[in-house]
Amino acid sequence: MSTANQSNTNASPFVLTGIPGLEALHMWISIPFCFTYIMTLLGNGTVLLAVRLDKSLHEPMYYFICMLAVIDLTFSTAVVPKMLGVFWLDSREIGFGACFIQMFFIHTFTAVESGVLLAMSFDRYIAICNPLRYTTILTSSRTIRIGLLSLARGVALMTPLMCLLTTLPYCQTRVIPHSYCEHMAVVELACADPSVSDLYSLIVATLLVGADSVFITFSYVMILRAVMRLPSQEARLKALSTCGSHVSIILLFYIGGLLSMYLQMFSFGLAPHVQVLVADLYLTVPPMLNPIIYGMKMKQIQEGIFKLLQRLAGLGISQAN
């Protein structure tokens, strides 16, 4: 294939099928996804506003929570609106560039979230194991720099992968058996050998997730050892409760991600629509649950949200009068 023909072929849009085999049920399937997206916007938006307006929450731990909220909003907005377009309007086409931009955001912010979760485990390690130096080690400026470094790491790792994928020639058959531009489903449409991009993505995923999860595990092992040495049972329970929300989010992120990845790599005899639904749920449900976990586990976030609601109620009453 000549360079000109390859360029022309790659300019053609891809076609998303939605949920393979369940096309007749797309309208009904869209209802829970629409609900989760609305709840994601409301929940994460409320957390961001609560932290922004309540000065008592201007601490590193809550800045990290805000970073997770921004990541969740980015995840959902990159995937759900187009997914609902497929379900509601049968708008299946997605431009070549738009497809890879969507993929870039999904993979980049997956890497960013892993970095932020690692930073949160370090934050809890310092707070519990070395509390007297907490304010000097984790300042607000350092917290922001950690977030920016996580973003830079994600962009630096995923940009070469996108370059490798976009330079591959893609066949005339542009049908992606998925509801978004899922990496493995798109690569299967390539007319050339994608082994280089496959090797790169495998190495990056293994090193990034492996290293982050090892350091997170080490942090929480040290935290658990420190908590068990506390003399007061009340202090132990308070420390464990503080870390409980973080552990819940970490498990939700890594277990859900691994399950989604392995089901895409190995079918295990499951129907295609099961694999697609698991991948869709992984990108839409955790962003909805994360702010609920914050509210359930963290008293300070609860109080910040209540203050925000009281302020909004007060504004409403004053405007009515």
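Residues numbered from 1 in each chain as written. Predicted model: local features only at pLDDT ≥ 70, side-chain atom pairs only at ≥ 80, totals over all residues. Heavy atoms only, no water.

Engineer: What is the right way to read the packing of helix 2 (residues 26-53) against helix 3 (residues 60-89) from this model?
Structural biologist: The relative placement of two packed helices comes down to the angle between their axes together with the axis-to-axis distance. Where helix 2 contacts helix 3, the axes come no closer than 9 Å and their chain directions differ by 155°. By the angle between their directions, the pair helix 2 and helix 3 is classed as roughly antiparallel. Seen along the crossing, helix 2 lies across helix 3 with a hand that is left-handed. Of the residues assigned to the contact of helix 2 with helix 3, the class counts are 22 nonpolar, six polar and one charged. (Axes fitted to C-alpha atoms, helices over the stretch in contact; angles between N-to-C directions. Helix = DSSP H or I, 4+ residues; strand = E, 2+ residues; numbered from the N terminus. Parallel < 35°, antiparallel > 145°, perpendicular 65-115°, else oblique. Left-handed = near helix turned anticlockwise from the far one by under 90°. Nonpolar A, V, L, I, M, F, W, Y, C, P; charged D, E, K, R; others polar.)

Engineer: Which parts of the structure should I look at to understand the pattern of salt bridges?
Structural biologist: Pairs can form between side chains of opposite charge whenever their charged atoms are close. A complete count under the given rule lists three salt bridges for this structure. Between D90 and R92 there is a salt bridge, with the nearest N and O atoms lying 2.5 Å from each other. Note on R92: relative accessible area 24%, which makes it partly exposed. A salt bridge links D123 to R124; the nearest nitrogen and oxygen atoms lie 2.7 Å apart. A relative accessible area of 0% places D123 in the buried class. (Salt bridge = Lys/Arg side-chain N within 4 Å of Asp/Glu carboxyl O. Buried < 20%, exposed > 50% of the residue type's maximum accessible area, 1.4 Å probe, protein only.)

Engineer: Please explain the UniProt feature "transmembrane region" (unreviewed entry) in the protein chain as it appears in this structure.
Structural biologist: Those places that UniProt annotates as "transmembrane region" (unreviewed entry) correspond, in this numbering, to residues 25-49, 61-80, 100-122, 143-168, 202-227, 239-262 and 274-294. End C-alpha atoms of residues 61-80 are separated by 28 Å, and the span's content is 100% helix alongside 0% strand. Structurally, residues 274-294 is divided into 100% helix and 0% strand, and its ends, taken at the C-alpha atoms, are 30 Å apart. (UniProt positions renumbered as here; feature names shortened; annotations may be inferred.)

Engineer: I keep staring at a nonpolar patch on the surface and nothing clicks. Help me out?
Structural biologist: A surface patch of nonpolar side chains, amounting to about 720 Å² of accessible area, comprises L25, M27, W28, I31, W88 and L89. In terms of residue count, helix 2 provides more of the nonpolar patch than any other element does, three residues in total. Residue class for M27 comes out partly exposed when judged on its relative accessible area of 46%. (Patch = residues over 30% accessible without salt bridge, like charges linked within 9 Å, V, L, I, M, F, W, Y side chains within 5 Å. Areas by Shrake-Rupley, 256 points an atom, 1.4 Å probe, with all protein chains shown as cover.)

Engineer: Where do I start with helix 2 in this structure?
Structural biologist: The α-helix winds at 3.6 residues per turn, so residues separated by three or four positions along the chain end up facing the same way. Between its first and last C-alpha atoms helix 2 spans 40 Å; for 28 residues at 1.5 Å apiece the expected length is 40 Å, and the two agree. For helix 2, the set of buried residues is H26, I29, S30, F33, C34, T36, Y37, T40, N44, V47, A50 and V51. (Expected span 1.5 Å × (residues − 1).)

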